[in-house]
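# Residue-level structure breakdown
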Amino acid sequence: SHIDHGKSTLADRFLEVTGTIPKEKMREQFLDAMDLEREKGITIKMKPVRMQYRGCILNLIDTPGHVDFNYEVSRSLAAVEGAILLVDASKGIQAQTISNLDLARKQNLVIIPAINKIDLPQSKVEETKLDLANLLGINPDEVFLISAKIGTGVSNLLEAAIKKIPPPKDNSDKPFRALIFDSEYDTYKGVVAFIRVIDGMIKLNEKVYLVQAKAEGDVKEIGYRNPKSSPVSELKTGEIGYLATGIKEPGKVRVGDTITLKSLSQAETMSLAGYKEPKPMVFLSIYPEDSDEFDLLKDGLEKLKLNDAALTFNPESKEGLGRGFQCGFLGLLHAEIISERLKREFGLDLILSIPSVVYKIIAPDNKEFFVYSPSEWPDNTRIKESQELWANLQVLTPVAYLGQALELLESIESRQLKTNYLGIEKIELVYEVPLREIISKNFYDKLKSLSKGFASMNYDVTDWRKGNFVKLDILILGRKEEALSKIVSENDALKEGKKIVEKLRDSLPSQLFSVPLQAAIGGKIVARETLKALRRDVIAPLYGGDYSRKRKLLEKQKKGKKKLKDRGKMHIPPQVFLEMFKG
Ligand code: GTP
């Protein structure tokens, strides 16, 4: 489903109806165990859970709904036989509904359509039902109507899942093969792989082999989650469970890899169809505010990476910031979640650079290289051509917000590809846009706010195209602040430069002296603002006519200002970086 349409809540009801978790122990969104998930109310990592109901074993995977976590959805879909397509009756079909449906169809899954939140007074049940039937090409009566919150229709839906979704094929006589669809790290047991057994079976203490990674491991523990870990002595064909591999290098256990028995010859161990490797699209630098905390940051990133294949990071260092990492993310939400987790779980204060997309440079000798951060942007003489990624951006909006949505799309570099009516009052707009426009201009948040949350979007990266870019440098007190540099389209450069210095002027705290804020391209100043000095009233506490004392205080202040200014560097509070980072 789309974000917030009620998957986790429905999963809660399933856990309850099947008696997997007794009602008195139930907390809301039981499967969203991460603090941040509860706070933001979104699922970041899916959790496989096993339930028993009417003599059947049901394996449920709760998937994340946000566009940044699409790769998680595609992984879970490859491990199951069927999917419930859930749509919020108050919001109707959204961009993610369509993209997830496409993913499920590609896996040939049985799809069970259900409309949630029918208890809400503002829900448009009939309309959504028609739209959904139309989208799937089915009879509207086949759509299930539920309220995951109250529980209406939930047992019905579960019965239908049992009836319509076929049991897994019995391949028990074949040699063991399983698909890895997720992993987590355990200090004692090594990498724990979440697997779907496709063929044969696996037993405790057997030796396993990872086909693509060419790595060996031992079965330290196998079991399933319900939702706590329940060890078993074997996992058979069709089952979903976990397998502790004893492997201590997380990089070796790759999602999408096939796990098999070491004893099987390689001729027998054909690799299962893998998943699409998640590719980071958004890059930004992360520095510890206190440079002594570099190792802690490294440790934090390494730990988070264990459960997040899409996160990448490489050490780098910058003048004034010390050592940090250049990190790659799937999107802005992904970046925000990782930096939030670094702060909370590792107690780090961080400085983040403005996010950037990746650029491809073709040098005069025709060699190609990639630029992931503004600091790597080469000198003009080393650029024959620069390229960037383009994407097909799909926006779904109710007719009522069409005007504003079009205005937003026209405000960025974009070309219209098609417009489609979906059902009665939803319109699908498809545009070609540079990925840079989606990422660095915060398109998603703007679209959400102009449509009061009713419009939605999705994008697919398509190809590399030629562009004209320049590096915009920001100078504070005449010093270049590397972390604020930005690569921009040549056409946007002046406007962007002006916007950044104005924003800095409004968000930096006043100092005892005035601070010039400048934007420059190749050393040429293109925009300038001044942060006015704050005149602290040092003599206010003195009343009466103690003139010499007053003079002394004023002199002292003047000297202090000079000393500060001479240091030539101003402390930029991390909130300002964050502010700038939000664009
Ligand atoms: P993501 O994990 O972020 O994709 O969201 P989700 O699809 O798991 O949605 P979640 O279960 O977190 O529900 C989102 C919000 O909708 C929560 O505030 C739920 O309480 C609410 N909600 C879910 N189902 C219903 C329902 O049937 N009726 C009403 N009124 N609210 C519901």
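Now for a look at the structure at hand. All figures in this text were calculated on a predicted structure; none of them were measured in a lab.

On a plain count of helices and strands, the protein chain comes out with 14 helices and 30 strands. For the protein chain, buried positions account for 53% of its 583 residues. The long-range fraction of contacts in the protein chain, counting pairs at least 24 apart against all pairs at least 6 apart in sequence, stands at 67%. Split by element, the accessible area of the protein chain, about 27,400 Å² in all, is 50% carbon and sulfur.

Moving on, we come to the pairing of strand 21 (residues 368–371). Looking at chain direction, strand 20 (residues 359–362) and strand 21 are connected through 4 bridges and run antiparallel. Considered in strand 21, the bridge of Ile362 is made with Glu368. In this structure, the hairpin formed by strand 20 and strand 21 is closed by a connection of 5 residues, where Asn366 is found at a positive phi of approximately 70°.

Side-chain alternation along strand 28 (residues 486–489) places Lys486 and Val488 on one buried face and Ile487 and Ser489 on a second face that is also buried. As paired strands, strand 26 (residues 469–476) and strand 28 are joined by 4 bridges and run antiparallel to one another. The residue of strand 28 that forms the bridge with Phe469 is Ser489.

A few words on the nonpolar core. In terms of nonpolar packing, the biggest core is built from 52 residues, with Ile286, Leu301, Phe329, Leu342, Leu393, Ile438 and Phe443 touching the most fellow members. Apart from the residues within four sequence positions on either side, Ile286 is in contact with Leu297, Gly324, Phe325, Cys327, Phe329, Leu342, Leu350, Ile351 and Leu352. Among the nonpolar cores identified, the runner-up in size contains 23 residues, and Val501, Leu517, Leu531 and Met580 belong to it.

We now examine the packing of aromatic side chains. Across all of its chains, the model carries 10 aromatic pairs by this definition. Seen from their ring centres, Phe370 and Tyr372 are 6.5 Å apart, and the 35° between their planes marks the pair as tilted. We classify Phe370 as partly exposed; its relative accessible area is 38%. For the pair Trp377 and Phe469, a centre-to-centre distance of 6.3 Å together with 90° between the ring planes defines the contact as edge-to-face. A residue pair is termed long-range when its members are at least 10 positions apart, and Trp377 in the loop between strand 21 and strand 22 (385–398) and Phe469 in strand 26 qualify at 92 residues. Comparing Trp377 with Phe469, the two get one shared label, buried. Connected via pairs of aromatic rings, a cluster forms that spans Phe283, Phe370, Tyr372 and Trp464. Over the aromatic face of Tyr224 sits the side chain of Arg50, whose NZ or CZ is 4.0 Å from the ring centroid. In this arrangement the basic side chain of Lys91 is found over the ring face of Phe454, its NZ or CZ atom lying 5.9 Å from the centre.

Moving on, we get to helix 5 (residues 125–136). Over its 12 residues, helix 5 extends 16 Å from the first C-alpha to the last, a length consistent with the 16 Å expected when each residue adds 1.5 Å. Within the span of helix 5, buried status applies to Val125, Thr128, Lys129, Asp131, Leu132, Ala133 and Leu136. Its buried side turned inward, helix 5 meets strand 3 (82–88), helix 4 (95–106), strand 4 (110–116), strand 5 (144–145) and strand 23 (415–422).

This part takes up the side chain of Glu316. You can see Glu316 is positioned in strand 17 (residues 312–318). By relative accessible area, which is 15% here, Glu316 ends up buried. In terms of polar contacts, Glu316 uses its side chain to reach the side chain of Ser285, at 2.6 Å. At 3.0 Å, the side chain of Glu316 forms a polar contact with the side chain of Tyr287.

Here the focus is the pattern of salt bridges. Applying the stated rule across the entire model yields 31 salt bridges. In this structure, the salt-bridge partner of Lys499 is Glu496, at a minimum N-O distance of 3.5 Å. Separated by 3 residues within a single helix, Lys499 and Glu496 lie in helix 12 (residues 493–507), roughly one turn from each other. Classification of Lys499 by relative accessible area gives partly exposed; the value is 43%. On the basis of relative accessible area, Glu496 is assigned to the buried category, the value being 7%.

The subject of this paragraph is a negative patch on the surface. A cluster of acidic side chains, namely Glu289, Asp290, Asp292 and Asp349, defines a negative patch on the protein surface. Along the chain, the position of Asp349 falls in the loop between helix 8 (332–346) and strand 19 (350–352). Classification of Asp349 as partly exposed rests on a relative accessible area of 48%.

A word on the sheet that holds strand 15 (residues 258–261). In spatial order, the strands read 10-9-15-6-7-14-11-12; together these 8 strands make up an open sheet with antiparallel pairing. Of all the strands in the sheet, just strand 10 (215–218) and strand 12 (229–232) have a single pairing partner and so form its edges. With strand direction ignored, the average angle separating the axes of adjacent strands in the sheet is 40°. In this structure, strand 6 (residues 177–186) lies alongside strand 15, joined through 3 bridges in antiparallel fashion. In the strand pairing of strand 15, Ala178 is matched with Ile259.

To continue, consider the sheet that holds strand 3. Ordered by their spatial adjacency, 3 strands build an open sheet running 3-4-5, and the pairing between neighbours is parallel. The open sheet has two free edges, formed respectively by strand 3 and strand 5, since each of these has just one partner strand. Two elements, strand 4 and strand 5, share 2 bridges in a ladder whose sense is parallel. Following the sheet pairing, Ala114 is matched in strand 5 by Phe144. Together, strand 3, strand 4 and strand 5 form the strand contacts of helix 5, whose direction differs from that of strand 4 by roughly 165°. Against the sheet, helix 6 (residues 154–164) touches strand 3, strand 4 and strand 5, its axis set at about 170° to strand 4.

This next bit is on the environment of Ile351. In this fold, Ile351 is placed in strand 19. On the basis of relative accessibility, which here comes to 8%, the residue Ile351 falls in the buried class. Separated by 225 residues in the primary sequence, Ile351 and Val576 have C-alpha atoms spaced 9.2 Å apart.

In contact at an axis separation of 10 Å, helix 9 (residues 402–411) and helix 11 (residues 443–450) are set at 160° when each is read in the N-to-C sense. For the element pair helix 9 / helix 11, the angle class is roughly antiparallel. The way helix 9 lies across helix 11 gives a crossing that is right-handed. Residues Gln404, Ala405, Leu408 and Leu409 of helix 9 pack against Phe443, Lys446, Leu447 and Leu450 of helix 11. Tallied by class, residues from the contact of helix 9 with helix 11 come to 6 nonpolar, 1 polar and 1 charged.

Parameters and conventions
Residues numbered from 1 in each chain as written. Predicted model: local features only at pLDDT ≥ 70, side-chain atom pairs only at ≥ 80, totals over all residues. Heavy atoms only, no water. Helix = DSSP H or I, 4+ residues; strand = E, 2+ residues; numbered from the N terminus. Buried < 20%, exposed > 50% of the residue type's maximum accessible area, 1.4 Å probe, protein only. Contact = heavy atoms within 4.5 Å. Areas by Shrake-Rupley, 256 points an atom, 1.4 Å probe, with all protein chains shown as cover. Pairing = 2+ DSSP bridges. Core = buried A, V, L, I, M, F, W, Y, C linked by side-chain atoms within 4.5 Å. Phe/Tyr/Trp six-rings, centres within 6.5 Å; stacked < 30°, edge-to-face > 60°. Lys NZ or Arg CZ within 6 Å of the ring centre and 35° of its normal. Expected span 1.5 Å × (residues − 1). Polar contact = N/O pair within 3.5 Å; in protein donor to acceptor, adjacent residues only side chain to side chain. Salt bridge = Lys/Arg side-chain N within 4 Å of Asp/Glu carboxyl O. Patch = residues over 30% accessible without salt bridge, like charges linked within 9 Å, V, L, I, M, F, W, Y side chains within 5 Å. Lys, Arg positive; Asp, Glu negative; His and termini not counted. Charge placed at Lys NZ, Arg CZ, Asp CG, Glu CD. Axes fitted to C-alpha atoms, helices over the stretch in contact; angles between N-to-C directions. Parallel < 35°, antiparallel > 145°, perpendicular 65-115°, else oblique. Left-handed = near helix turned anticlockwise from the far one by under 90°. Nonpolar A, V, L, I, M, F, W, Y, C, P; charged D, E, K, R; others polar.

Everything listed here is a matter of coordinates, which is why it stays silent on function.
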